[in-house]
Amino acid sequence: MRNLQVNGERLWASLMELARIGATTKGGLCRLAASDLDGEARRLFIRWCEEAGCAVRVDKIGNIFARRPGRNPNLPPVMTGSHLDTQPTGGKFDGAYGVMAGLEVVRTLNDLGYETEAPIEIVAWTNEEGSRFSPAMIGSGVFAGVFDLADGLARPDNVTGTTLGAELERIGFAGVEPVGGRPVAAYFEAHIEQGPILEAAGLPIGIVTGAQGQRWYEITVTGQEAHAGPTPMPRRRDALVGAARMIDAVNKIGHAHAPFACATVGFVEVSPNSRNTIPGRVFLTVDFRHPEDAVLTMMDRELRKACAAAAATQSLEVEVKEFWYFPPTPFEPRLVGKVRDAAAALGYPHQDIVSGAGHDAVYMARVAPTAMIFVPCVGGISHNEIEDAKPDDLTAGCNVLLNAVLETADAAG
Ligand SMILES: [Zn+2]
């Protein structure tokens, strides 16, 4: 490890300048994917990359790649970046940090006159947030072959129905490069944690070992509507009472698999939803997350058992339908080790951490060795205009990125 340092003030200044594009009055950002403001941010990023001597290409789904050549142009690049789009009430750091950290790595190498063996590419992925066009992570998803290109371009704006492809065309980012299908030596992504763990532990660096798996369910509980007055308690088939016991069970399952399990019921629909009618039907959703597949399978069994038991107490029917499954994604241990070594060599206190959220890195892990670096954000808050991060932590994460990228790009020969 070489222990090189980035220019933290320049990194912060670039983040703040970028954050002017789409700034909200509450200090956050609204820079939706493929909007005019996204186009403006993209053009600023490209200008900075070209000033740093990079060759910029845009692919057909609008992903931007800025390449700094290596000594051996035939080697696949070491790639790093994130996304420039935000939530409607987003912050200055989610996504932007990873892209600006990649740029700062390149600028630092330029200052040092350092030539790496393999080329380095900074990437800005299209529509990571999935807020304007769903699902999330479309640009990296098409790159990794999870979605096909035509499908990605056809995704509609959730309000106007205009497509992602048409909007990319309009803002000048329907590129000509084929999407993906080329080797990537390694992918690193620096990101704010978007959770409270690092801040609570007082650590500047999280070594992300992977992303947790998810199981999403739709549950329909059916009983019988009846008059709230004349129906004696023992005769009731109250779907909401059954559903309430299921919701409690979901929460208990989450606690039973602490500290890594997450279990949430976030949507409930009661019918007929009338104050003097016993509810006849309830629809609810369940979101389970855990880094280990075996535990997710256990949680699945416990959920089904608990739902059947809760239904039996009220003579209800219950249908538990698995709606979506996303397997846990372990990152590449060798590359994760390079991040850990870089943090140690730089003297930064750190801990291993599992990503609770989805990131472009999760799709990239399917086609390239992948690792992530987390830095704390204030109060663990993200997807919020008050999202904040400390300049020293952002610098620390970028220093770790620089050294991990260098180790990888030079070992490639
Ligand atoms: Zn993000």
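Presented here is an overview of the structure given in this document. Just so we're clear, the structure is a prediction, and the values are computed from it rather than from any experiment.

This next bit is on the overall build of the protein. The helix and strand inventory of the protein stands at 12 helices and 16 strands. A compact globule built from 413 residues would reach a C-alpha radius of gyration of about 22 Å, and the protein, at 24 Å, matches this within 12%. Considered along the principal axes of its C-alpha atoms, the protein spans approximately 85 × 45 × 40 Å. Scored against the burial criterion, the 413 residues of the protein give a buried share of 54%. Contacts spanning at least 24 positions in sequence make up 80% of the contacts within the protein whose residues lie at least 6 apart. If you sum the accessible surface of the protein, you get close to 16900 Å²; carbon and sulfur atoms cover 53% of it. Mean positive and mean negative side-chain charge positions of the protein (37 and 50 charges, respectively) differ by 4 Å.

Attention now moves to the side chain of Ser-14. Relative to the elements of secondary structure, Ser-14 occurs in helix H1 (residues 8–18). Setting aside its immediate chain neighbours within four residues, Ser-14 contacts Trp-48, Met-100 and Arg-107.

It is worth spelling out the layout of surface pockets at this point. The volume enclosed by the largest pocket comes to roughly 550 Å³. Taken together, 30 residues form the lining of the largest pocket, with Gln-212, Val-354, Ser-355, Gly-356 and Ala-357 sitting closest to its centre. Tallied by class, residues from the lining of the largest pocket come to 12 nonpolar, 13 polar and 5 charged. The calculated volume of the second largest pocket comes to roughly 390 Å³. Around the second largest pocket, the lining is made up of 13 residues, and of these Pro-135, Ala-136, Gln-214, Trp-216 and Trp-324 lie nearest the centre. Contributions of two or more residues to the lining of the second largest pocket are made by strand E7 (213–222) and strand E13 (317–326). Sorting elements by how many residues they give to the lining of the second largest pocket places E13 first, with 3 residues.

Quick look at the coordination of the zinc ion now. Protein coordination at the zinc ion comes from His-83 (NE2), Asp-94 (OD) and His-191 (NE2), with a distance range of 2.0 to 2.3 Å. Counting residues between consecutive donors of the zinc ion along the chain gives the motif H-x10-D-x96-H. Residue Asp-94 is located in the loop between strand E3 (78–83) and helix H3 (96–112), and its partner His-191 is located in strand E5 (residues 186–192); the two are separated by 97 residues in the primary sequence. Residue Asp-94 shares its accessibility class with His-191, and that shared class is buried.

Turning next to the packing of H1 against helix H12 (residues 391–411). Where H1 meets H12, the axes come as close as 9 Å, and the angle between the chain directions of the two elements is 110°. Classed by the angle they form, the pair H1 and H12 counts as roughly perpendicular. Seen along the crossing, H1 lies across H12 with a hand that is right-handed. Across the interface between the two elements, Gly-8, Leu-11, Trp-12 and Leu-15 of H1 pack against Pro-391, Leu-394, Thr-395 and Cys-398 of H12. Split into classes, the residues belonging to the contact of H1 with H12 amount to 6 nonpolar, 2 polar and no charged.

As enumerated under the stated definition, the model contains 11 aromatic pairs in all. Geometrically, the ring pair formed by Phe-65 and Trp-125 is edge-to-face, given 5.8 Å between the ring centres and 90° between the ring planes. Taken together, the residues span a long stretch of sequence, with Phe-65 in strand E2 (residues 64–68) and Trp-125 in strand E4 (residues 120–125) at a distance of 60 residues. The pair formed by Phe-65 and Trp-125 is uniform in burial state, with each residue classed as buried. With centroids separated by 5.6 Å and ring planes inclined at 40°, the aromatic side chains of Phe-65 and Phe-143 adopt a geometry described as tilted. Of the two residues, Phe-65 sits in strand E2 while Phe-143 sits in helix H4 (residues 138–143), which places them 78 residues apart along the sequence. In this structure, Phe-65 and Phe-143 share a single accessibility class: buried. When the ring centre of Trp-48 is taken as reference, the NZ or CZ atom of Arg-107 above it lies at 5.3 Å.

Moving on to empty space enclosed by the protein. Space left empty within the atom packing is revealed by a probe, the size of a water molecule, rolled over the atoms. The tally for this structure, following the rule as stated, stands at 2 cavities of 30 Å³ or more. Put simply, the largest cavity is a space of about 40 Å³. In terms of lining residues, the largest cavity is bounded by Ala-211, Gln-212, Gln-214, Phe-326, Ser-355, Gly-356, Ala-357, Gly-358 and Val-362. Looking at the lining of the largest cavity, its residues break down into 4 nonpolar, 5 polar and no charged. Counted as a void, the second largest cavity has a volume near 30 Å³. Here the lining of the second largest cavity is composed, by residue class, of no nonpolar, 6 polar and 4 charged.

Cut-off values and rules
Residues numbered from 1 in each chain as written. Predicted model: local features only at pLDDT ≥ 70, side-chain atom pairs only at ≥ 80, totals over all residues. Heavy atoms only, no water. Helix = DSSP H or I, 4+ residues; strand = E, 2+ residues; numbered from the N terminus. Rg over C-alpha atoms; globule rule 2.2 N^0.38 Å. Buried < 20%, exposed > 50% of the residue type's maximum accessible area, 1.4 Å probe, protein only. Contact = heavy atoms within 4.5 Å. Areas by Shrake-Rupley, 256 points an atom, 1.4 Å probe, with all protein chains shown as cover. Lys, Arg positive; Asp, Glu negative; His and termini not counted. Charge placed at Lys NZ, Arg CZ, Asp CG, Glu CD. 1 Å grid on protein atoms, 1.4 Å probe; cavity = no way out; pocket = protein on both sides within 12 Å on 5 of 7 lines; lining within 4 Å. Points joined across faces, edges and corners; volume = space filled by probe spheres on them. Nonpolar A, V, L, I, M, F, W, Y, C, P; charged D, E, K, R; others polar. Donors = N, O, S within 2.8 Å, 3.2 Å for Na, K, Ca; no water. Axes fitted to C-alpha atoms, helices over the stretch in contact; angles between N-to-C directions. Parallel < 35°, antiparallel > 145°, perpendicular 65-115°, else oblique. Left-handed = near helix turned anticlockwise from the far one by under 90°. Phe/Tyr/Trp six-rings, centres within 6.5 Å; stacked < 30°, edge-to-face > 60°. Lys NZ or Arg CZ within 6 Å of the ring centre and 35° of its normal.

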